[in-house]
Amino acid sequence: MDNYEQRLARHMPTDIEYVSFRLHLERSEGLTVRDGVVEPPHNGYEAGVMITVWDREGMGYAATSDLSDAGIEAALAGARAWAERTAGLVVLARSPLAHGSGTYVSAVDRSFAATTLADRIALLAVQEQRLRIHARIVDSVASLYRVDSDTLLLTNRGGRVRQSFHNVFPNLRVTANAGANTQTRTYGGGAYCGQGGLEVLDRFGFGEAAPRLAEQALELLDAPPCPTGSMDLLLAPDQMILQIHESIGHPLELDRILGDERNFAGTSFVQPEMFGTYRYGSDLLNVTFDPNVAGQMASYAFDDDGTVATRGHLIRGGLLERGLGGTISQARSGVAGVANSRACAWNRPAIDRMANLNVEPGEMSFAELVGSVEHGVYLETNNSWSIDDSRNKFQFGCEYGRLIEDGELTTVVRNPGYRGVSATFWRSLRGVGNADTWQVMGTPNCGKGEPNQVIWVGHASPACLFGDVAVFGGR
Amino acid sequence: MASTDLASRVDDLVTWAAGQLHGDEVLLAAFSGEQADYVRFNNGSVRQAGSVHQQALSLDLVQGARHARTTLQLTGEADLDRTRVAEELRSLREQCAVLREDPYLLYNSDGTSSVRIGRNELPDPDVAMAEVARSARGRDLVGLYSAGTTYRGFASSLGQRNWYETSTFAFDWSFYLHADKATKNSYAGLSWSNEEFERKVQWSARQLEVLGRPALVRPPGAYRAYLAPAAMVELVDMLSWGGFGLKSHRTKQTPLLRMVTEGATLHPSVRIIEDTVGGVAPNFGSEGFTKPDEVVLIDGGRYTDWLVSPRSAREYDVPTNGASSWESPESLSVAAGTLPTDGVMEELGTGLYIGNLWYLNYSDRAACRTTGMTRFGTFWVEGGEIVAPVEVLRFDDSLLHLLGEKLVGLTDQPEVILDTASYGSRSTGSYRLPGAVVQEMIFTL
């Protein structure tokens, strides 16, 4: 990194209004054991730089994996050419970006560096074997993906932000089959990821989960379909994160509200004038942008535009306060936002993304939430997600459901799903779990942007109870 | 850099790397690169504009039946790239030492070398931007113009060399009227024609006029529907998510499970092909196997064949057809039907004209039950005439039904649609498929 920094610094121009060099170096390791077979490790090494220029009412970028002096110079010339070509045509004529400085490093309690490749494979092999408990298990996978990344943002007015991240993605997947009925259980649908080291595996009991998931997959084969009708809905945290992501996170992205995403990811039912007055949910709903949560996927000190990241409420007591938009979107919209301008890699420009977007815990224990339901269903782990382009009409499905009858968890049901409308769904929130039910997780694959980008985000949530929701089941 | 220079440089690097091998080691190398321009528009103005230059080399070091893989970005500096490759080979060698033998390793040890280089007739970015700006005058245009050269290569220490490069552009855009009322279109190809682009602009403009009528709210229920080719892309994309791969069939995770276990069939007119020879994507994969010109997946409504990756081939003892590890079509073709394309409105009669679908997912995967939303130019039609746009509707129906007993017919003039996705890099995927009229489609919200 230091060598690259010196090289980049030599090329930093002084005759341009705003220039940034965003260097991204990344090492990854993907390990998979499937049905008793260790698949070949897949390592990755990313290295590239994104150069962004704002000058004379134009803006352009150039990204290159050629980090030689000639490569950097060519990219800089390319970015300048785009700025010149777009002069007077861009949505924002001048950069509003700061030239910040600072550092961030993911906290790691127990480093993977203390393990060998053989150790990591053995860990997965043991867990994968524990998934294969019955002849009806037709597929079983244990995997571990790790990414260590270093980013450096240099600007032409002395900005220097250096951040190092260590992200860990463990997963288990077990599939059972009987005739035309196939059921799959996973380790939180991939949501049990986070920053850190080996301790990420312990946060959700990676070492103990396999037998339970396998037994539940088998149990689902013989379970009745989820009933259809209007009833109370209790969502586990690993389904809440999907609910938050799709029907709070995306609608509040300021670039959607500004229309940038209308040709691809969609628009939003939220309009600029709604901030400050709109009742998004019941008064139990409190949602924060929080880049400071230890170990969460998208904790950081600065976003990729170099804006200092601080915690803030987006929704407080059910009222909409601010949007998910970085410095550029805030300048364009006049709406208060947060530091969430992020790029998925060196080869894509930063846009408004979710980062750590969390529902704050309430006061009810899990037993109290269940006990308050006369007729309802409890759902875990998302496996189907679909929502309209305004982020309003949604339909989600889960891996595992249990009926709640007269305050008790009872029959396991298969293929549970539910439908709703974002604009009214959150107003039916009638119970929020306390800190004991609150889990810090993430979504590994959030797609958005033109050109397309997939990025990981963080979500934390307690279990939450909603009243009178349209629930349904499969065949 | 001229294309032949790049091919030569990759060739030189892999040849040099092959010289660093020990004993009986084998090296498989897959190259992926692009030089692309991306210009993003909103409200007719430029939101972001720039270029991406990227070159990635994947190395699979094989020691007997042990192997490990890595992917690294190339810098363009020959000495530095050699140093990095040497470091990666050392690391892969260390990893192989602790790995078990891989019983499913399969690579082409007797492959055929090939070169496929498309002509580069890309428009000057200034020309394309000027045309886009002209089309945006007085309209709310949002979308992405992308253009550039895409490179794929395969090289092994056994001497096989495959090289592919194609230079294409794609302008994928929408004209918005208000809120979510918009018409979507795309113009993609090898060489830019102002006249052809203008025809597409005018088609979108005419749709905008209809979108200006007050929108109807249709209640949930079952409606007769016409699915335009762009909407059909979304449906077949869902089928492609595990529907045609051998592994998903053998592990019972295919959405077409009922075609396998219960003898369910699609409409006899449905014929679905992985049409490699008719598509844009390269015909070789990262293990060096050449794909057949076509693989017939569904014929006469019945399941015919799978896409088989080299790994699945070894696992299930079936010959590979060179499919990628995810075993999904890259050049999917649905055969044309007999409904006159010019007469689909009359065939529809009264019902929904669905221009696009959006955000599909399985609501019951084993039953191929799928949910998703209408989007963009979707209209209510009566007596073969468009009445008004409709507010978005959610459907939830089995694709086995929609393309089975509920299918009235497929249109007789299929459209070629290039995949405009750009995750990581610009897609080389494509579709060739007709529109479809269905007796009823179930809408739930």
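About the thresholds
- Residues numbered from 1 in each chain as written.
- Chains lettered and ligands numbered in written order.
- Predicted model: local features only at pLDDT ≥ 70, side-chain atom pairs only at ≥ 80, totals over all residues.
- Heavy atoms only, no water.
- Helix = DSSP H or I, 4+ residues; strand = E, 2+ residues; numbered from the N terminus.
- Buried < 20%, exposed > 50% of the residue type's maximum accessible area, 1.4 Å probe, protein only.
- Contact = heavy atoms within 4.5 Å.
- Lys, Arg positive; Asp, Glu negative; His and termini not counted.
- Charge placed at Lys NZ, Arg CZ, Asp CG, Glu CD.
- Core = buried A, V, L, I, M, F, W, Y, C linked by side-chain atoms within 4.5 Å.
- Salt bridge = Lys/Arg side-chain N within 4 Å of Asp/Glu carboxyl O.
- Polar contact = N/O pair within 3.5 Å; in protein donor to acceptor, adjacent residues only side chain to side chain.
- Domains from an automatic or database assignment.
- Buried area = accessible area lost by both parts, 1.4 Å probe.
- Nonpolar A, V, L, I, M, F, W, Y, C, P; charged D, E, K, R; others polar.
- Pairing = 2+ DSSP bridges.
- Axes fitted to C-alpha atoms, helices over the stretch in contact; angles between N-to-C directions.
- Parallel < 35°, antiparallel > 145°, perpendicular 65-115°, else oblique.
- Left-handed = near helix turned anticlockwise from the far one by under 90°.
- Expected span 1.5 Å × (residues − 1).
- Phe/Tyr/Trp six-rings, centres within 6.5 Å; stacked < 30°, edge-to-face > 60°.

**Side note on the overall build of chain B**
(1) Moving on: For chain B, the helix and strand inventory stands at ten helices and 20 strands.
(2) Moving on: Counting only C-alpha atoms, chain B reaches 75 × 55 × 30 Å along its principal axes.
(3) Moving on: Expressed as a percentage of its 445 residues, the buried residues of chain B come to 59%.
(4) Moving on: Taking all contacts inside chain B whose residues are at least 6 apart in sequence as the whole, residues at least 24 apart take part in 71%.
(5) Moving on: Once the 41 positive and 57 negative side-chain charges of chain B are each reduced to a mean point, those two points are 3 Å apart.

**Details of the nonpolar core**
(1) Moving on: Within the largest apolar cluster, 78 residues are counted, with the highest numbers of intra-cluster contacts made by F21, L23, I51 and L172 of chain A together with L57 of chain B.
(2) Moving on: Leave out the neighbours within four places in its chain, and F21 of chain A touches L8, H11, M12, P13, V49, M50, I51, L76, L152, L153 and L154 of chain A.
(3) Moving on: Ranked by size, the runner-up nonpolar core spans 65 residues in total, among them M231, Y278, F394 and V469 of chain A.

**Examining the side chain of E450 of chain A**
(1) Moving on: Looking at where E450 of chain A falls in the secondary structure, it is placed in the loop between β22 (439-448) and β23 (453-461).
(2) Moving on: Buried E450 of chain A, no salt bridge; nearest opposite-charge side chain is R40 of chain B, N-O distance 4.3 Å.
(3) Moving on: Within the local environment of E450 of chain A, its side chain forms a polar contact with the side chain of N263 of chain A, the two groups lying 2.9 Å apart.
(4) Moving on: Those residues within four positions of E450 of chain A in sequence are excluded, and the remaining contacts are N263 and F264 of chain A together with R40, G143, L144 and D172 of chain B.

**Structural notes on the domain arrangement of chain B**
Residues and elements named next belong to chain B.
(1) Moving on: Each assigned domain of chain B is listed here: domain 1 (3-124 + 145-170) and domain 2 (221-443).
(2) Moving on: Computed from C-alpha atoms alone, the centre-to-centre distance between domain 1 and domain 2 is 31 Å.
(3) Moving on: Opposite the 30 residues of domain 1 that make contact, domain 2 presents 23 residues.
(4) Moving on: Taken together, the two surfaces of domain 1 and domain 2 that pack against each other cover about 2,200 Å², and 52% of this comes from carbon and sulfur.
(5) Moving on: Sorting the residues of domain 1 by area buried against domain 2 places Y104, L106 and Y164 first, and these three jointly supply 30% of that buried surface.
(6) Moving on: If you look at where domain 1 meets domain 2, you find two salt bridges.
(7) Moving on: The closest approach of N and O atoms between R311 and D102, which form a salt bridge, is 2.8 Å.
(8) Moving on: Elements with a minimum of two residues in the side of domain 1 that touches domain 2: β1 (26-42), β4 (114-117), β5 (140-156) and β6 (161-178).
(9) Moving on: Per-class residue counts for the side of domain 1 that touches domain 2 are 14 nonpolar, eleven polar and five charged.

**Quick look at the interface of chain A and chain B**
Reports often express the size of an interface as the amount of accessible area lost when the parts come together.
(1) Moving on: Taken together, the contacts link 93 residues of chain A with 87 residues of chain B.
(2) Moving on: For the pair chain A and chain B, the summed buried surface comes to about 7,400 Å²; carbon and sulfur atoms form 47% of the total.
(3) Moving on: The largest share of the area that chain A buries against chain B comes from W82, R262 and N263 of chain A, three residues that together contribute 10% of it.
(4) Moving on: The interface formed by chain A and chain B includes ten salt bridges.
(5) Moving on: For the salt bridge of R7 of chain A with E77 of chain B, the shortest nitrogen-to-oxygen distance reads 3.8 Å.
(6) Moving on: Put simply, chain A and chain B have 61 residue pairs in polar contact (both at pLDDT 80 or more) between them.

**A few points about the sheet that holds strand β13 (residues 319-320) of chain A**
Strands belonging to one sheet form pairs held by backbone hydrogen bonds; the direction of such a pair is parallel or antiparallel.
Residue and element names in this part refer to chain A.
(1) Moving on: Reading across from one edge, β13-β12-β11-β16-β23-β22 is the order of the six strands in this open sheet, with mixed pairing throughout. Looking at the sheet topology across the chains shown, the edges are occupied by β13 and β22.
(2) Moving on: Where strand β11 (residues 287-289) and strand β12 (residues 312-316) come together, three bridges link them in antiparallel fashion. Looking across to β12, one finds that V287 is bridged to I315.

**Quick look at the sheet that holds strand β18 (residues 415-418) of chain B**
Residues and elements named next belong to chain B.
(1) Moving on: On the basis of which strands lie adjacent, the open sheet formed by six strands has the order β11-β10-β9-β12-β19-β18 and mixed pairing. Edge positions in the sheet fall to β11 (302-303) and β18, since each of these pairs with one other strand and no more.
(2) Moving on: The sheet contact formed by β18 and strand β19 (residues 430-433) spans four bridges and is antiparallel. Pairing of I417 across the sheet is with Y431, part of β19.
(3) Moving on: Along the sheet, helix α5 (residues 229-240) contacts β9 (272-274), β12 (331-334), β18 and β19; its crossing angle with β19, the most-contacted strand, is approximately 115 degrees.

**Quick word on the pairing of strand β20 (residues 436-443) of chain B**
Residues and elements named next belong to chain B.
(1) Moving on: Alignment of strand β8 (residues 221-227) against β20, held across six bridges, turns out to be antiparallel. Bridge pairing links Y226 to V437 in β20.
(2) Moving on: Sheet topology note: the strand β17 (residues 407-410)/β20 ladder contains three bridges and is antiparallel. Residue pairing across strands places L407 opposite V438, the latter belonging to β20.

**Concerning the environment of V46 of chain B**
(1) Moving on: Looking at the element boundaries, V46 of chain B is found in strand β2 (residues 45-63).
(2) Moving on: The residues touching V46 of chain B, leaving out its near neighbours within four places in the chain, are T86, L89, V90 and V91 of chain A together with V39, R40, F41 and M129 of chain B.

**What to know about the packing of helix α3 (residues 125-136) of chain B against helix α4 (residues 194-211) of chain B**
Residues and elements named next belong to chain B.
(1) Moving on: Here α3 crosses α4 at 25 degrees, and the two axes come no closer than 11 Å. Relative to α4, the element α3 lies roughly parallel. Note that α3 runs across α4; the crossing there is right-handed. When α3 is examined against α4, the residues E131, V132, R134 and S135 are found in contact with a partner set consisting of N194, F197, E198 and V201.
(2) Moving on: Of the residues in the contact of α3 with α4, the class split is three nonpolar, two polar and three charged.

**Regarding the side chain of Q95 of chain B**
(1) Moving on: Inspection of the secondary structure assignment puts Q95 of chain B in helix α2 (residues 78-98).
(2) Moving on: For Q95 of chain B, the side chain forms a polar contact with the side chain of N43 of chain A, separated by 3.0 Å.
(3) Moving on: Once you skip the residues sitting within four places of it in the chain, Q95 of chain B turns out to touch P41, N43 and L117 of chain A together with A68 of chain B.

**A short note on the domain arrangement of chain A**
Residues and elements named next belong to chain A.
(1) Moving on: Segmentation of chain A into domains returns domain 1 (2-221) and domain 2 (229-472).
(2) Moving on: Measuring from the centre of the C-alpha atoms in domain 1 to the corresponding centre in domain 2 gives 22 Å.
(3) Moving on: Taken together, the contact between domain 1 and domain 2 spans 49 residues of the former and 39 residues of the latter.
(4) Moving on: Across the domain 1 to domain 2 interface the summed buried area is about 3,500 Å²; carbon plus sulfur atoms make up 61%.
(5) Moving on: Connecting domain 1 to domain 2 are two salt bridges.
(6) Moving on: Salt-bridge contacts for E399 lead to R185; the nearest nitrogen and oxygen are separated by 2.8 Å.
(7) Moving on: The interface formed by domain 1 and domain 2 holds 20 residue pairs in polar contact (both at pLDDT 80 or more) in total.
(8) Moving on: With six residues, strand β3 (residues 42-55) is the largest single contributor of residues to the side of domain 1 that touches domain 2.
(9) Moving on: Classifying every residue of the side of domain 1 that touches domain 2 gives 24 nonpolar, 20 polar and five charged.

**Regarding helix α5 (residues 206-221) of chain A**
(1) Moving on: An ideal rise of 1.5 Å per residue puts 22 Å on 16 residues; α5 of chain A measures up with 24 Å between its terminal C-alpha atoms.
(2) Moving on: Turning to α5 of chain A, its buried residues are F206, A209, A210, L213, A214, Q216, A217, L218, L220 and L221 of chain A.

**Regarding the packing of aromatic side chains**
(1) Moving on: Counted by the stated rule, this structure contains 36 aromatic pairs over all chains.
(2) Moving on: Centre to centre, the rings of F269 of chain A and Y280 of chain A are 5.9 Å apart; their planes meet at 40 degrees, and the pair counts as tilted. With a gap of eleven residues between them, F269 of chain A in the loop between α7 (254-258) and β11 and Y280 of chain A in the loop between α7 and β11 connect regions that are remote in the sequence.
(3) Moving on: Overall, the relative accessible area of 1% leaves Y280 of chain A in the buried class.
(4) Moving on: With a centroid separation of 6.0 Å and an interplanar angle of 50 degrees, the aromatic rings of Y223 of chain B and F443 of chain B are classed as tilted. Here Y223 of chain B is found in strand β8, whereas its partner F443 of chain B is found in strand β20, with 220 residues between them in sequence.
(5) Moving on: With a relative accessible area of 10%, Y223 of chain B lands in the buried category.
(6) Moving on: You can call F443 of chain B buried: its relative accessible area is 2%.

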